[in-house]
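# Coordinates in review
Read off the chains here:
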Amino acid sequence: MLQEVSRSQLTLYRRFPMRPLISVIMPVYNAERYVAEAVESILAQTCGDFEFLIVDDGSSDRSLAILEKYASKDKRIRLKSRANTGYVVALNEMLADAEGEFIARMDADDISLPERFEKQIAYLQEHPECVVLGTNTVLVDDGGWDIRPGFHQYGHEAIDGHHLTSLGGCVSHPSVMMRAAAVAQVGGYRVECCPAEDVDIFLRLGEIGQLENLTECLLKYRMHPKSVSRTNAARQRNIVAIAQSQARSRRNLPEVSSELAEDVTLDRYSSEALNTNISSFDVLVNWGWWALGAGNRSTAAKMVARSLVRNPFRYDSWVLAFCVLRGR
């Protein structure tokens, strides 16, 4: 005789008839050039037990039309579109709707390699103490050409220590998979911490569990040749400093001296991001040197060509060109 199912059990079953293992959350804003490749990289994952939550955050380009096409073909995609609120609000909105045990971040211009979810799930299931798991990444240009590996730390103490003393950047935000219960426990993202909401939430999650990066490259992180304004850079420094101060207070740790804080804030810009007020021309030259140093000579040659088209009389472009031709 079949056991009678209670009304509450039936309601729960109807809400989660096949609860996904992973909830992928991806905010989208005016990403028509890249979003199809980003979506396809998620749909091609070898671990397919996921729901794909996407919020189109008031895009004015063809992003929504592209997303609607994919949503009509794959029922794992749960698409919303509304007026622009900012990506951190969108992230929290998707966290509230997520039904999976794990939360996987994704950005609309990046590319996840096929085994990303499979390898992250395997690690998290074997290490229940880990609440945030990023991966090694490769930085690519706006056309998808490899520049160099990203900047990362490994081991909880190194990662958490870096977040406490620098601008962060040692865990690539769009590469992370997090335990949904842990994210809920710390209250999700704090909107007021944008554009350093990743450092802030990693600091809070690091207080209830372990943070780690996989050494294998499982995400292509796309860089764009745009300037980073002095205002945004200063705001990021200020927010990170506040988040670090709050974390130290929660942990009963002494404050870092202002001199040390000033020194370590250079880490993120000199390694993964761009220098304050650097021009898009200089970005291309920097990428060329990074690519050459990483052995990506074809990418370096591409950067030489792009920089010389913009300004054929810049000495530093010709120095880079000479080194590319010499293979050093």
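For the structure itself, consult the block above.
Along each chain, numbering runs from 1 in the same order as the chain's sequence is written. The predicted nature of this model means local features are confined to residues of pLDDT at least 70 and side-chain atom pairs, given and counted, to a pLDDT of 80 or more, with totals for whole chains, interfaces and linings taken over all residues. Values reported for side chains reflect all heavy atoms of the structure, with hydrogen atoms and water molecules removed beforehand.

### Thoughts on the pairing of strand β4 (residues 102-105)
Filter applied, for reference: Categorising residues by exposure relies on relative accessible area from a 1.4 Å probe, with only protein chains included: less than 20% of the type maximum marks a residue as buried, more than 50% marks it as exposed, and the intermediate range marks it as partly exposed. Helix and strand definitions follow DSSP, with helices as H or I runs of at least four residues and strands as E runs of at least two, each counted in order from the N terminus. Strand pairing is assigned whenever DSSP identifies at least 2 bridges connecting the two strands.
Residue alternation in β4 divides its side chains into two sets, Phe102 and Ala104 and Ile103 and Arg105, and both sets are buried. The sheet contact formed by β4 and strand β8 (residues 177-179) spans three bridges and is antiparallel. Across the sheet, Ala104 pairs through a bridge with Met177, a residue of β8.

### Re the packing of helix α2 (residues 35-43) against helix α3 (residues 63-71)
Spelled out, the test is: Axis lines are fitted to C-alpha atoms, over the contacting stretch for helices. Their N-to-C directions set the angle, which ranges from 0 to 180 degrees. Should an angle fall under 35 degrees it is taken as roughly parallel, and over 145 as roughly antiparallel, whereas 65 to 115 is taken as roughly perpendicular and any remaining angle as oblique. Rotating anticlockwise by less than a right angle from the far helix to the near helix defines a left-handed crossing, while the corresponding clockwise rotation defines a right-handed one. Between two residues, a contact is recorded if the distance between any of their heavy atoms is within 4.5 Å. Think of it as three bins: nonpolar holds Ala, Val, Leu, Ile, Met, Phe, Trp, Tyr, Cys and Pro, charged holds Asp, Glu, Lys and Arg, and polar takes everything else, Gly as well.
Where α2 meets α3, the closest approach of the two axes is 10 Å, and the angle between their N-to-C directions is 25 degrees. As judged from the angle between their axes, α2 and α3 are roughly parallel. Where α2 crosses over α3, the handedness of that crossing is right-handed. The segment α2 lies against α3, with Val35, Ala36, Val39, Glu40 and Leu43 engaging Ile66, Leu67 and Tyr70. Residue composition of the contact of α2 with α3, by class: seven nonpolar, no polar and one charged.

### Here we look at the environment of Val256
By the element assignment, Val256 lies in the loop between α9 (230-250) and α10 (258-264). Given a relative accessible area of 24%, Val256 falls into the partly exposed group. Taking the C-alpha atoms as reference, Val256 lies 8.4 Å from Ser245; in sequence the two are eleven residues apart.

### Here we look at unusual backbone geometry
For residues other than glycine, phi is negative in most cases, and the peptide bonds are mostly trans. Along the chain, Cys194 connects to Pro195 via a cis peptide bond; the corresponding omega equals 10 degrees. Within the secondary structure layout, Pro195 lies in the loop between α7 (180-186) and α8 (197-205). Of note, the phi angle at Asn30 is positive, near 50 degrees, even though the residue is not glycine. By the element assignment, Asn30 lies in the loop between β1 (22-28) and α2. Look at Asn252: it is not a glycine, yet its phi comes out positive at around 60 degrees. The class of Asn252 is exposed, set by a relative accessible area of 71%.

### Points about the pattern of salt bridges
Under the convention used in this document: Here, a salt bridge means any Lys or Arg side-chain nitrogen found within 4 Å of an Asp or Glu carboxyl oxygen.
Per the stated rule, a full pass over the model turns up 21 salt bridges. For Asp57, the salt bridge goes to Arg82, with nearest N and O atoms at 2.6 Å. Here Arg82 lies in strand β3 (residues 77-82) and Asp57 lies in strand β2 (residues 50-57), a separation of 25 residues in the sequence. The closest approach of N and O atoms between Asp160 and Arg251, which form a salt bridge, is 2.5 Å. On the criterion of sequence distance, the pair formed by Asp160 in helix α6 (residues 156-165) and Arg251 in the loop between α9 and α10 is long-range, its members being 91 residues apart.

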